[in-house]
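Structural overview for review
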Amino acid sequence: MKNLRIPVSKTVSLNVRHRPASGPGAAGRPFVLLHGLLSNARMWDEVAERLAAAGHPVYAVDQRGHGASDTPPDGYEHAAVVTDLARAFAALELEHALVAGHSWGGHLALRLAAEHPRLVDGLVLVDGGWYEFDGPVMRAFWERTADVVRRAQEGTTKAADMRAYLRGAHPDWSPAAVEARLADYHVSPDGLLIPRMTAAQVMSIVDSLQRESPADWYPRITVPVTLLPVIPAIPQLADQVRAWVDAAEAALERVRVRWYPGSEHDLHAGAPDEVAADLLQLAGTVAPSPLPADREARPQGGS
């Protein structure tokens, strides 16, 4: 695995975790993996390993303000972040990729496919990409959690305490997944977790989610799409999710839905085998890539 440094503007570079295809035979179509809000590319590591072992080169992107990418003062609205992605694709010489997005990353993947159809030949939306944030259910959710976000961005939690909490709250996560979640933060010399973004930057992303409806992009999506929804434990939200997924299924031209009952939001951390299998199933429905299978990216730096 290599960390590639990809400039997307004069002041912003993104970190991309790249795994070359390692399976038998010719390399398959590339996968690009997008994380959710307040997450990072390392959360995809276990899925990425399985995809690479099956013969697909994999690129997991840290969005601006996340993971090991730069954190500019602004530019967190969807239009800017999707532009980042399109420029990263160009720098990596990627087209006709399979793109999987988790949560917020699902919304970004959907818009990327709608605005840059040559880049995306298949989509997997992992518990995201169909949420309508401008309705009463999600607005009430964010009103309740906005103060939690602000307090979480103050940097008062110790890394050891967070690690212990994650191990208890997510017993199905591997040690690697726990450490990946901790990578959402910087760690101060005294062991405190320091958030990478301010509360205002986080809420600017939420504002973009509230202003943009996924349904507006559905008519422009012609590639195969796989939806991997989780049923929330909150009954009212569970009913709303079913309605959103039903609407997406009806609107999208080529779609498959696979529900994950009893699973948590971070499916890629809790069920990497199953999620990788769903991504590979999508790959099997898409024609072989027209790109040379052995073409390597030409990043400007790596480690």
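The structure under discussion appears in the preceding block.
Now for a look at the structure at hand. (Residues numbered from 1 in each chain as written. Predicted model: local features only at pLDDT ≥ 70, side-chain atom pairs only at ≥ 80, totals over all residues. Heavy atoms only, no water.)

Overview of the pairing of strand E2 (residues 13–19)
Filter applied, for reference: Burial status follows relative accessibility: with a 1.4 Å probe on protein chains alone, a residue under 20% of its type maximum counts as buried, one over 50% as exposed, and anything between as partly exposed. A run of H or I in DSSP counts as a helix once it spans at least four residues, and a run of E counts as a strand once it spans at least two, with each numbered from the N terminus. Two strands form a pair only when DSSP identifies at least two bridges running between them.
Where burial is concerned, most of E2 is hidden: 7 out of the 7 residues are buried. The side-chain alternation of E2 yields two buried faces, one formed by Ser13, Asn15, Arg17 and Arg19 and the other by Leu14, Val16 and His18. Direction of pairing for strand E1 (residues 2–7) relative to E2: antiparallel, over a ladder of 6 bridges. Pairing of isoleucine 6 across the sheet is with leucine 14, part of E2. Hairpin connection from E1 to E2: 5 residues lie between these consecutive antiparallel strands. Judged from the 4 bridges that link them, E2 and strand E4 (residues 58–61) form a sheet pairing that is antiparallel. Pairing of arginine 17 across the sheet is with alanine 60, part of E4.

Some points on the pattern of salt bridges
Where we set the bar: For this analysis, a salt bridge means a side-chain nitrogen from Lys or Arg found within 4 Å of a carboxyl oxygen belonging to Asp or Glu.
Tallied over the entire structure, the rule returns 17 salt bridges. Between glutamate 49 and arginine 19 there is a salt bridge whose closest N-O contact spans 3.9 Å. Of this pair, glutamate 49 sits in helix H1 (residues 45–53) while arginine 19 sits in strand E2, placing them 30 residues apart in sequence. The buried category is assigned to arginine 19, whose relative accessible area is 10%.

Considerations on the side chain of histidine 35
Keep this limit in mind: Whenever a nitrogen or oxygen atom comes within 3.5 Å of another N or O atom, the pair is scored as a polar contact, on the condition that within protein one atom can donate a hydrogen and the other can accept it, and that pairs from neighbouring residues in sequence are kept only if both atoms are in side chains. Any two residues having at least one pair of non-hydrogen atoms within 4.5 Å are treated as being in contact.
Checked against the element boundaries, histidine 35 lands in the loop between strand E3 (31–34) and H1. The exposure class assigned to histidine 35 is buried, which follows from its relative accessible area of 0%. One polar contact links the side chain of histidine 35 to the main-chain amide nitrogen of glutamine 63, over a distance of 2.9 Å. Ignoring anything within four residues of it in the chain, the contact list for histidine 35 reads Asn40, Ala41, Trp44, Val61, Asp62, Gln63, His66, His102, Trp104 and Gly105.

With respect to the packing of H1 against helix H10 (residues 272–285)
Counted only if it meets this: Orientation is described by lines fitted to C-alpha atoms, with helices fitted over the stretch in contact, and by angles between N-to-C directions that extend from 0 to 180 degrees. Here is the rule for angles: anything less than 35 degrees is roughly parallel, anything more than 145 is roughly antiparallel, 65 through 115 is roughly perpendicular, and the remaining ranges are oblique. Throughout, a crossing is termed right-handed when the near helix is turned clockwise from the far one, and left-handed when it is turned anticlockwise from it by less than a right angle.
H10 packs onto H1 with a crossing angle of 45° between their chain directions and a minimal axis gap of 9 Å. Put simply, H1 runs oblique to H10. Crossing handedness for the pair H1 and H10: right-handed. The residues of H10 that touch H1, namely those facing Glu46, Val47, Arg50 and Leu51, are Pro272, Asp273, Val275, Ala276, Leu279 and Leu280.

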